[in-house]
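Single-letter residue listing:
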Amino acid sequence: MTAATISSPLALDARGTAAIAGHAVHWRLGTVPGASRADLSALARAWLEEIVNARDLFAWNGLTRASATAKPRPRNAPDADVSISHSSTMLLVGACADARIGVDIEAGPFRAFDSPALVRRMCTPHESTTAQSLDDDARRRYLARVWTSKEAQTKATGTGLVTDFRTLDSGARPHFPLQPFEAHLAVADRDAVLHAHTLVLEDSRD
Amino acid sequence: MSSTEHDKVAATEESIAQWLMDQLAFYEQIDPETITPDAPLSEMELDSIYVLTLCTEIEDAYDLEVDASIFAEHGTLREVAAELASRAADG
């Protein structure tokens, strides 16, 4: 199935623009019931094309990869960037005309973060201490917040998992609106300084 | 099964490949029928969460330092297992 044949309505469909370090990051988030990874990949490209064209961000010529493991980037638009993340049936995309960006989303219930091995590998000492102070549900959500911040940041730099997450500050705080996901947008500015932005939907704010 | 249930496990290419497959099956993120020693890793679409989890579990089980690039630099679990077995032998 391709994006063109996805007929089920989106269970969640939100979009917006975040101003991060002086750069406008345009995003769209949705839940596509029954979608496969291939469906979500195709839909992500369609959403990005729509965002880029609707906002006239840059000339859309599709996406290209520098290598098999590199993230897809806009073809013939060297100042622009896009980012794609999906988790379960949730999809998040972002586009920016003038900065390197990353987006990342994790759908609940975040059980992957019950792994002590993962927690040891992904947390700074401060984040580990914070996680240990929380009850089970709050700890999972906090760790998902930590993870999506770091994933978004390293997608923005293009370094991905080569970065040692134990030395990267997520900036995450253990204060949670009720939403079925944790997600971040991130910008790497011209000085390679990273800026992470927690994505919170308006109707989830407490 | 998790790595915490293992003491240091036998470090042959075959045993490591089987251990890697067991770990991936435990995560329940991939159709177990697609997890074979020679399946292309690029087609498994390993989620980065589980890549990092697996790296740490490899370190715990085999007393080796491993980073996520090992899964980008090798095409299959068998190749990853061969690399790990080589490192363990050099140990």
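You'll find the structure just up there.
Read on for a plain summary of the structure. Only a predicted model underlies this, so the values are computations on that prediction, with no experimental measurement involved.

**Some remarks on the packing of helix α1 (residues 13-27) of chain B against helix α5 (residues 77-90) of chain B**
A pair of packed helices is characterised by two quantities: the angle between their axes and the separation of those axes.
Residues and elements named next belong to chain B.
No. 1: Two elements in contact, α1 and α5, have axes whose closest approach is 8 Å; the angle formed by their N-to-C orientations is 125 degrees. Considered as vectors, α1 and α5 are oriented oblique to each other. Relative to α5, the crossing made by α1 is right-handed. Within the contact between the two elements, α1 uses E13, I16, A17, L20, M21 and L24 and α5 uses L77, R78, V80, A81, A82, L84 and A85.
No. 2: Its residues assigned to classes, the contact of α1 with α5 shows 11 nonpolar, no polar and two charged.

**Some points on the packing of aromatic side chains**
Residues and elements named next belong to chain A.
No. 1: Per the counting criterion, the structure on display carries five aromatic pairs over all chains.
No. 2: Arranged with centres 5.2 Å apart and planes meeting at 55 degrees, the rings of W147 and F165 form a pair that is tilted. In this pair, W147 is assigned in helix α4 (residues 136-157) and F165 in the loop between α4 and β8 (181-188), connecting sequence segments 18 residues apart. Assigned by exposure class, W147 and F165 land together as buried.
No. 3: Each member of the aromatic cluster is reached from another via a ring pair, and the members are F113, W147 and F165.

**Looking at the pattern of salt bridges**
Pairing is possible between side chains of opposite charge, provided their charged atoms come close.
Residues and elements named next belong to chain A.
No. 1: On inspection of all chains with the given rule, the structure shows 19 salt bridges over all chains.
No. 2: Salt-bridge contacts for R28 lead to D13; the nearest nitrogen and oxygen are separated by 2.8 Å. Note that R28 is positioned in strand β2 (residues 23-31) and D13 in strand β1 (residues 12-20), a separation of 15 residues in sequence.
No. 3: A salt bridge links E182 to R141, with the shortest nitrogen-to-oxygen separation between them at 3.1 Å. With E182 in strand β8 and R141 in helix α4, this pair connects stretches of sequence that are 41 residues apart. Per residue, the accessibility class of E182 equals that of R141, and both read buried.

**Re the sheet that holds strand β7 (residues 100-107) of chain A**
Residue and element names in this part refer to chain A.
No. 1: Spatial ordering of the open sheet is given by β7-β8-β9, a layout of three strands whose pairing is antiparallel. Unpaired on one side and paired on the other, β7 and β9 (194-198) mark the two borders of the sheet. Sheet twist, expressed as the average angle between the axes of neighbouring strands with direction ignored, equals 20 degrees.
No. 2: Bridge count for β8 against β9 is five bridges, and the pairing is antiparallel. Bridge pairing in β9 links V187 to H195.
No. 3: Contacts from α4 reach β7, β8 and β9 within the one sheet, and its direction differs from that of β8 by about 30 degrees.

**Observations regarding the interface of chain B and chain A**
No. 1: Facing 17 residues of chain B, the contacting portion of chain A comprises 15 residues.
No. 2: With both sides pooled, the region where chain B packs onto chain A buries about 1,400 Å², and carbon together with sulfur makes up 58% of that total.
No. 3: Between the two partners, chain B and chain A, sit three salt bridges.
No. 4: The partner of D60 of chain B in a salt bridge is R120 of chain A, with the nearest N and O atoms 2.6 Å apart.
No. 5: Here chain B and chain A share six residue pairs in polar contact (both at pLDDT 80 or more) between them.
No. 6: For the side of chain B that touches chain A, the element with the most residues is helix α3 (residues 48-62) of chain B, which contributes 11 residues.

**Re the sheet that holds strand β6 (residues 90-96) of chain A**
Residues and elements named next belong to chain A.
No. 1: Read across the open sheet, the four strands follow the order β1-β2-β6-β5; overall the sheet is antiparallel. Both outer strands of the open sheet, β1 and β5 (81-87), are each paired with one neighbouring strand and no more. Sheet twist, expressed as the mean angle between neighbouring strand axes with direction ignored, is 15 degrees.
No. 2: In the sheet, β1 pairs with β2 via nine bridges, with the strands oriented antiparallel. Within β2, the position partnered with L12 by the bridge is T31.
No. 3: Those strands touched by helix α1 (residues 37-54) are β1, β2, β5 and β6, and its axis lies near 30 degrees from that of β6.

**Re the nonpolar core**
No. 1: The biggest cluster of nonpolar side chains holds 50 residues, and the ones touching the most others in it are F113, M122 and W147 of chain A together with L20, I58 and F71 of chain B.
No. 2: Those elements that provide at least two residues to this core are α2 (116-122) and α4 of chain A together with α1, α2 (41-44), α3, α4 (69-73) and α5 of chain B.
No. 3: Broken down by element, this core gets its largest block of residues, nine residues, from α3 of chain B.
No. 4: Residues contacting L20 of chain B, with those up to four places away along its chain left out, are L54, I58, L77, V80 and A81 of chain B.
No. 5: Core analysis: the next-biggest nonpolar cluster, separate from the first, contains 20 residues, A14, M90, A99 and L201 of chain A among them.

About the cut-offs
Residues numbered from 1 in each chain as written. Chains lettered and ligands numbered in written order. Predicted model: local features only at pLDDT ≥ 70, side-chain atom pairs only at ≥ 80, totals over all residues. Heavy atoms only, no water. Axes fitted to C-alpha atoms, helices over the stretch in contact; angles between N-to-C directions. Helix = DSSP H or I, 4+ residues; strand = E, 2+ residues; numbered from the N terminus. Parallel < 35°, antiparallel > 145°, perpendicular 65-115°, else oblique. Left-handed = near helix turned anticlockwise from the far one by under 90°. Contact = heavy atoms within 4.5 Å. Nonpolar A, V, L, I, M, F, W, Y, C, P; charged D, E, K, R; others polar. Phe/Tyr/Trp six-rings, centres within 6.5 Å; stacked < 30°, edge-to-face > 60°. Buried < 20%, exposed > 50% of the residue type's maximum accessible area, 1.4 Å probe, protein only. Salt bridge = Lys/Arg side-chain N within 4 Å of Asp/Glu carboxyl O. Pairing = 2+ DSSP bridges. Buried area = accessible area lost by both parts, 1.4 Å probe. Polar contact = N/O pair within 3.5 Å; in protein donor to acceptor, adjacent residues only side chain to side chain. Core = buried A, V, L, I, M, F, W, Y, C linked by side-chain atoms within 4.5 Å.

Purely geometric numbers; function is a separate question.
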